[in-house]
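Coordinates in review
Read off the chains here:
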Amino acid sequence: MKLADNKATLSFSNGSPSIELPVYQGTIGPDVLDIRKLYAQTDKFTYDPGFLSTASCQSAITYIDGDKGELLYRGYPIEQLATNCNYLDTCYLLLNGELPDPQQKADFEKLVTNHTMVNEQMQFFLRGFRRDAHPMAVLTGLVGGLSAFYHDSTDINNPEHREISAIRLIAKMPTLVAMAYKYGVGQPYQYPQNHLSYAGNFLRMMFGNPCEEYKVNPVIERAMDRIFILHADHEQNASTSTVRLCGSSGTNPFAAIAAGVACLWGPAHGGANEAALNMLYDIQKQGGVEKIGDFIKQVKDKNSGVKLMGFGHRVYKNYDPRAKLMQETCNEVLSAMGLEKDPLFALAKKLESIALEDEYFVSRKLYPNVDFYSGIVQRAIGIPVNLFTGIFALARTVGWIAQLNEMISDPEYKIGRPRQLYTGSPRRDIKR
Ligand code: CMC
């Protein structure tokens, strides 16, 4: 963080003395006003629900330029990572700041691969859930439950514990997501296989069975890997901020990541991919392309409570770059599966083109986000709709850990403790 040449002055119309606020510059993006001493100097807080103008931390991991529609992981554009690297390269990059050289890549892949099994006892824990439980409910429990199984990596202040819990989480998430799925459909769990890639192993644990050999389809494997890359990190979004806030109390990494899973579940965040696909199903049920006009009318009516799911973003005021890459993957997967004429994909494309020309969406700068097409790809792969957010959680785990570890290593880190503007009753006495 570098001090800028200029300072900001805050003055008051009631004659209270004005104060100077230091201004800091990042490498790119808006400068920040440092208000840390504001309360001590003025007896006032700032007010910013939803963090519309507040940087909650400094971070060197991910950068989004919402106006340009640009996403960088450690400086590298998402388009380059999605075409030239795999998910484990991306994990290494997010955790360590640089892409791995060939030796580092081989060592990292081996390390992750050797941690993919989960404690055998986890399956008995899983058995306590109803079979029809939502996978996100199961995952919130399983991820938090890891802290009950891996006692030797729960001290967040110990760098070695942080490192091994990071590897454990990245390695075990696919196993847990697949176990949650298999449990729900009543099939036996598939143990991980070390000769497969990260994505290939996940596909086999999801769709393999003990009766026959599972052959990984390379197009689907690449698509799965790309889904993981596109969801790996997204700077200070709601779930990442939740992980940081939760971890700031010194809780163990598994508990902090479980908090992230819980936050991601909501339909305004990771739950949007599930909601977007359900929305497409609903429109299709009501008559398909012909009903798009009626649906858009409902979306524009503020009293209807209906939103165009998979559209809009707090930061992107342009096309989400992940949505473009996801659309490309969607084309590839649908043609590999012989589903080029998939009516849901056609419906999504039509809906997108109508929304992109509609004044309501244009004036509010609402564009498709990553979730608009990810549901169609996942459905084509065979992933059930209620597992979409679980896949997002699997992929985002590395981002959460990288952000958590960055926070804990920051000498300026403190427990997160926002203030408030109290609007309740002043002190009063019980009269009876
Ligand atoms: N459909 C209809 N109207 C919308 C939509 C939408 N999807 N998104 C925003 N708007 C309207 C909103 O009603 C508001 O209108 P007005 O100015 O007239 O009150 C205006 O656009 C600004 O929206 P906002 O709600 O103030 O923006 P926000 O930054 O608070 O919300 C959002 C961002 C992502 C929660 C919101 O766009 C949304 O709910 N989208 C649908 C859910 C979705 O697709 N979420 C996935 C986000 S990307 C994946 C992830 O990061 O998890």
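Check the entry above for the structure.
Right, let's walk through the structure included here. (Residues numbered from 1 in each chain as written. Predicted model: local features only at pLDDT ≥ 70, side-chain atom pairs only at ≥ 80, totals over all residues. Heavy atoms only, no water.)

It is worth spelling out the sheet that holds strand S2 (residues 19-25) at this point. The strand order across the open sheet built from three strands is S1-S2-S3, with neighbouring strands paired in antiparallel fashion. At either margin of the open sheet sits one strand with a lone partner, and together these are strand S1 (2-10) and strand S3 (32-33). Pairing between S1 and S2: six bridges, direction antiparallel. In the strand pairing of S2, Leu 3 is matched with Tyr 24. (Pairing = 2+ DSSP bridges. Helix = DSSP H or I, 4+ residues; strand = E, 2+ residues; numbered from the N terminus.)

A few words on the environment of Phe 295. Structurally, Phe 295 can be placed in helix H13 (residues 292-300). Considering only alpha carbons, one finds Phe 295 and Asn 14, 281 residues apart in sequence, at a separation of 51 Å. Other than its neighbours up to four places away in sequence, Phe 295 contacts Met 279, Ile 283, Val 306, Lys 307, Leu 308 and Leu 351. (Contact = heavy atoms within 4.5 Å.)

The next point concerns the pattern of salt bridges. Side-chain pairing between opposite charges can occur once the charged atoms of the two side chains come close. Taken as a whole and judged by the stated rule, the model has 17 salt bridges. For the salt bridge of Glu 328 with Arg 226, the shortest nitrogen-to-oxygen distance reads 3.0 Å. In this pair, Glu 328 is assigned in helix H14 (residues 321-336) and Arg 226 in helix H9 (residues 218-230), connecting sequence segments 102 residues apart. The class of Glu 328 is partly exposed, set by a relative accessible area of 40%. Salt-bridge contacts for Glu 406 lead to Arg 244; the nearest nitrogen and oxygen are separated by 2.7 Å. Of this pair, Glu 406 sits in helix H18 (residues 388-409) while Arg 244 sits in helix H10 (residues 238-247), and the two are 162 residues apart along the sequence. Across the pair, exposure class does not vary: Glu 406 and Arg 244 are buried alike. A cluster of three or more residues bridged by salt bridges with shared partners is formed by Asp 34, Arg 36 and Glu 412. (Salt bridge = Lys/Arg side-chain N within 4 Å of Asp/Glu carboxyl O. Buried < 20%, exposed > 50% of the residue type's maximum accessible area, 1.4 Å probe, protein only.)

Aromatic ring pairs are described here by two measures, namely the spacing of the ring centres and the angle between the planes. Tallied over the entire structure, the rule returns 14 aromatic pairs. An aromatic cluster of three or more residues is present, and its members are Phe 311, Phe 345, Tyr 360, Phe 361, Phe 372 and Tyr 373. Over the ring of Phe 12 we find Lys 44, and its NZ or CZ is 5.1 Å from the ring centre. A cation over an aromatic ring shows up here: Arg 419 above the ring of Tyr 39, its NZ or CZ 5.3 Å from the ring centre. (Phe/Tyr/Trp six-rings, centres within 6.5 Å; stacked < 30°, edge-to-face > 60°. Lys NZ or Arg CZ within 6 Å of the ring centre and 35° of its normal.)

All of the buried residues along H13 are Ile 292, Phe 295, Ile 296 and Val 299. The arc that holds the buried residues of H13, viewed along the axis, is 100 degrees, so those residues lie on one side. Elements in contact with the buried residues of H13: helix H12 (272-286), helix H15 (343-357) and helix H16 (359-363). (Arc of directions from axis to C-beta.)

Before going further, it helps to examine the pairing of S2. Where S2 and S3 come together, two bridges link them in antiparallel fashion. Within S3, the position partnered with Val 23 by the bridge is Leu 33. What sits between S2 and S3 in their antiparallel hairpin is a turn of six residues, with Gly 29 showing a positive phi close to 95 degrees.

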